[in-house]
Amino acid sequence: MTQRVIRDRTPLCLILMFLVVGLSAEGTGVGGSMTKKFDSRCSMPNNRTEDENQWPLVLGVKSPLLEPQGKNFTGRSGDKTWKYSKFMFDDKCGATVYIMVESAYVTEEWPKGFTPKFSWGCTLRKTTGTTFPTVDVIFNSTVADMSTYPGLKEEWYTEGEGSDRRILVILKFPHFDTSNSVILDWICQAKVDATIPGTTVGIRDVNLILYPIGCPKGKYGGECEFNCTCPQNATCHTFNGACKCPDGWEGEFCDSRQASGGSQTAAVVLSVLLAVTVVGGLAWCWKRTSDRGKYQQMFQDL
């Protein structure tokens, strides 16, 4: 008896499977190019004139004891108050702030080996979409912390007296809302245990206000340190450098014309038809594979 030849359909099935994966990646972004998202909730204008301001925001501080008249900080170079500080933004409108405190007074008040308790709290003076941060304090920070916190700089540990204690404060904001005239407006207090048992060093009724001012044109980042790659007619996001295209253009770099309504509808219909065809082909492959197994077993039995 002549044996029937069973052709292997595996290559064709693999091609169909790759088509399914490709369609999924195109539709969901998985496996495709990771485009940055332009979130208008934390966008700031990028039209500030070039100046010495390092941050894309202004921190206003007003305290009955420290700054009764109020003072603004912008991370300007040469400002010793914020010499060891860094703002870092992420792609989800979050922000991390690092502040290093190093001085002879700190070493004298909290000598090495003594780890005090720290507590803080804030109340809203004006409601915005900005969420309260988590605050971590490392009272004996060393250069080894650089491997855990990428925003730290080596000079934070090498400058000053080697015996001076370094205290690292880490604030993590889940969400920064810059859609209003102020990012946050809080009344805060904090206290730290002193070396004398039962005593604390603290401050209260401190009014903290953050104002968005953005970066100079063509810059983005927590310290306006990165160069935008957007075309001239697009808006560059302050947090992640994402591009907001003008009307009629699209794509990560605003280099593709938007399809008309009719073209978009046709593209959707074609995608659906192609997906149905591919899924049907996969079902056929599965059936053929099952039949081939049955036929092979039948011929072996003959």
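Keep in mind the model is a prediction, meaning the values are calculated, not measured. (Residues numbered from 1 in each chain as written. Predicted model: local features only at pLDDT ≥ 70, side-chain atom pairs only at ≥ 80, totals over all residues. Heavy atoms only, no water.)

## Some remarks on the pattern of salt bridges
Keep this limit in mind: Each reported salt bridge corresponds to a side-chain nitrogen of Lys or Arg within 4 Å of a carboxyl oxygen of Asp or Glu. Exposure is judged per residue with a 1.4 Å probe applied to protein chains only, and the accessible area is read against the type maximum: over 50% gives exposed, under 20% gives buried, and values in between give partly exposed. Each helix is a run of H or I in the DSSP string that is no shorter than four residues. Each strand is a run of E no shorter than two, and both are numbered from the N terminus.
Enumeration over the complete set of coordinates arrives at five salt bridges. Between R41 and D39 there is a salt bridge, with the nearest N and O atoms lying 2.7 Å from each other. Its relative accessible area of 46% is what places R41 among the partly exposed residues. Note on D39: relative accessible area 12%, which makes it buried. The partner of D185 in a salt bridge is R125, and the shortest N-O contact between them spans 3.0 Å. Taken together, the positions of D185 in strand β8 (residues 184–193) and R125 in strand β5 (residues 118–126) put the pair 60 residues apart, joining distant regions of the chain. One salt-bridge network, held together by shared partners, links K86, E223 and E225.

## Quick look at the pairing of β8
As a reminder of what qualifies: Strand pairing is defined by DSSP finding a minimum of two bridges between the two strands.
Bridge analysis of β5 against β8 gives eight bridges, and the strand direction is antiparallel. What sits directly across from K126, in β8, is D185. In terms of strand pairing, β8 meets strand β9 (residues 200–212) through nine bridges, oriented antiparallel. Bridge pairing links D193 to T200 in β9.

## Digging into the sheet that holds strand β7 (residues 166–173)
Operational definition: Here an angle of 0 to 180 degrees is reported between the N-to-C directions of two axes, which are lines fitted to C-alpha atoms, with helices fitted over the stretch in contact.
Spatially, the four strands line up as an open sheet ordered β3-β4-β7-β6, and their pairing is antiparallel. Because the sheet does not close on itself, it has two edges, and the strands there are β3 (85–89) and β6 (134–138). Neighbour to neighbour, the strand axes of the sheet diverge by 15 degrees on average, direction disregarded. Here β3 runs beside strand β4 (residues 95–102); their pairing, made up of five bridges, is antiparallel. Its bridge partner lying in β4, F89 is registered against A95.

## Re the state of the cysteines
Applicable threshold: Note that a disulfide, as used here, is simply two cysteine sulfur atoms within 2.5 Å.
Taken as a whole, this structure holds five disulfides when the rule is applied. Residue pairing for C228: its cysteine sulfur links by disulfide to C236, the two sulfurs lying 2.0 Å apart. Judged by the sign of its S-S torsion, about -85 degrees, the cystine formed by C228 and C236 is left-handed. Of the two residues, C228 and C236, neither departs from the other in class, the shared state being buried.

## Some points on the side chain of D177
Heads up, the condition is: When charges are counted, Lys and Arg are positive and Asp and Glu negative, with His and the chain ends excluded. Two N or O atoms form a polar contact when they lie within 3.5 Å of each other; inside protein one atom must be a possible hydrogen donor and the other a possible acceptor, and for residues adjacent in sequence the pair counts only when both atoms belong to side chains. Two residues qualify as a contact provided that any one of their heavy atoms is within 4.5 Å of a heavy atom in the partner residue.
Mapped onto the elements, D177 comes out in the loop between β7 and β8. Buried within the structure, D177 lacks any salt-bridge partner; its nearest side chain of opposite charge belongs to R41, at an N-O separation of 7.0 Å. Side-chain polar atoms of D177 contact the side chain of S179, separated by 2.6 Å. Setting aside residues up to four positions removed in sequence, D177 forms contacts with R41, T128, G129, T130, V182 and I183.

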